[in-house]
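Here is what each chain is made of, one letter per residue.
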Amino acid sequence: MSKSVQVTLSGQNWVFEARSGETILEAAEWSGVILPSSCRTGACRTCMCLSTRGKVRYHVEWPGLSKEEKREGYILPCVAEAETDLTLVVPAAKLQP
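Before going into details, it helps to say that this report is about the structure given with it.

Procedures and definitions
Residues numbered from 1 in each chain as written. Predicted model: local features only at pLDDT ≥ 70, side-chain atom pairs only at ≥ 80, totals over all residues. Heavy atoms only, no water. Core = buried A, V, L, I, M, F, W, Y, C linked by side-chain atoms within 4.5 Å. Buried < 20%, exposed > 50% of the residue type's maximum accessible area, 1.4 Å probe, protein only. Helix = DSSP H or I, 4+ residues; strand = E, 2+ residues; numbered from the N terminus. Contact = heavy atoms within 4.5 Å. Pairing = 2+ DSSP bridges. Polar contact = N/O pair within 3.5 Å; in protein donor to acceptor, adjacent residues only side chain to side chain.

If you look at the biggest cluster of nonpolar residues, it comprises 26 residues, and the most contacted ones within it are Leu-9, Phe-16, Ile-24, Leu-35, Tyr-58 and Leu-88. Mapped by element, the contributors of at least two residues to this core are β1 (4–9), β2 (14–19), α1 (24–30), β5 (56–58), β7 (80–82) and β8 (86–89). The element best represented in this core is α1, accounting for 4 residues. When residues no more than four places from it in sequence are discounted, the contact partners of Tyr-58 are Pro-63, Leu-65, Tyr-74, Ile-75, Leu-76, Val-79 and Ala-80.

Moving on, we come to the environment of Gln-6. Within the secondary structure, Gln-6 sits in strand β1. With relative accessibility at 35%, the residue Gln-6 sits in the partly exposed group. Separated by 80 residues in sequence, Gln-6 and Leu-86 have C-alpha atoms that sit 6.4 Å apart. Setting aside anything within four residues of it in sequence, one finds Gln-6 in contact with Val-15, Phe-16, Glu-17, Asp-85 and Leu-86.

This paragraph deals with the pairing of β2. Judged from the 6 bridges that link them, β1 and β2 form a sheet pairing that is antiparallel. Paired with Leu-9 across the strands is Trp-14, a residue of β2.

This part takes up the side chain of Ser-51. Following the sequence through the fold, Ser-51 ends up in strand β4 (residues 49–53). In this structure the side chain of Ser-51 is engaged in a polar contact, spanning 3.3 Å, whose partner is the backbone oxygen of Arg-53. Ignoring sequence-local partners within four residues, the contact set of Ser-51 consists of Gly-73, Ile-75, Leu-86, Thr-87 and Leu-88.

What follows covers the side chain of Thr-87. Tracing the backbone through its elements, the reader meets Thr-87 in strand β8. Overall, the relative accessible area of 13% leaves Thr-87 in the buried class. Engagement of the side chain of Thr-87 in a polar contact is seen with the side chain of Arg-53, the distance being 2.9 Å. Beyond its immediate stretch of four places on either side in the chain, Thr-87 contacts Thr-8, Ser-10, Leu-50, Ser-51, Thr-52 and Arg-53.

Bringing the sheet that holds β2 into the picture now. Across the sheet, which stays open at both edges, the 5 strands sit in the order β2-β1-β8-β4-β6 with mixed pairing between neighbours. This sheet does not close on itself; its edge strands, each paired only once, are β2 and β6 (74–75). As defined by bridge partners, β1 adjoins β8 across 3 bridges and the pair is classed as parallel. What sits directly across from Thr-8, in β8, is Thr-87.

This is the structure in structure tokens:
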């Protein structure tokens, strides 16, 4: 059985589960949450959001974030996997109709 963690969207107070091996974007979609996205490769930065709690690891060697952005807590959910429970700030998130 794969390990899962909770991802909370702080502005909306929505919570969804993210399983080991799936990106945060994929987990959101499976849960009925739409996060902004476009390329799904970590290059376009459409999905960039702030993580205020938790730890991620990336599925790509060099995600399109500067050292400063990483230090400030920004992540790219399209290529990031949650390693611990996360709290994210994603004002443009929506629920699937």
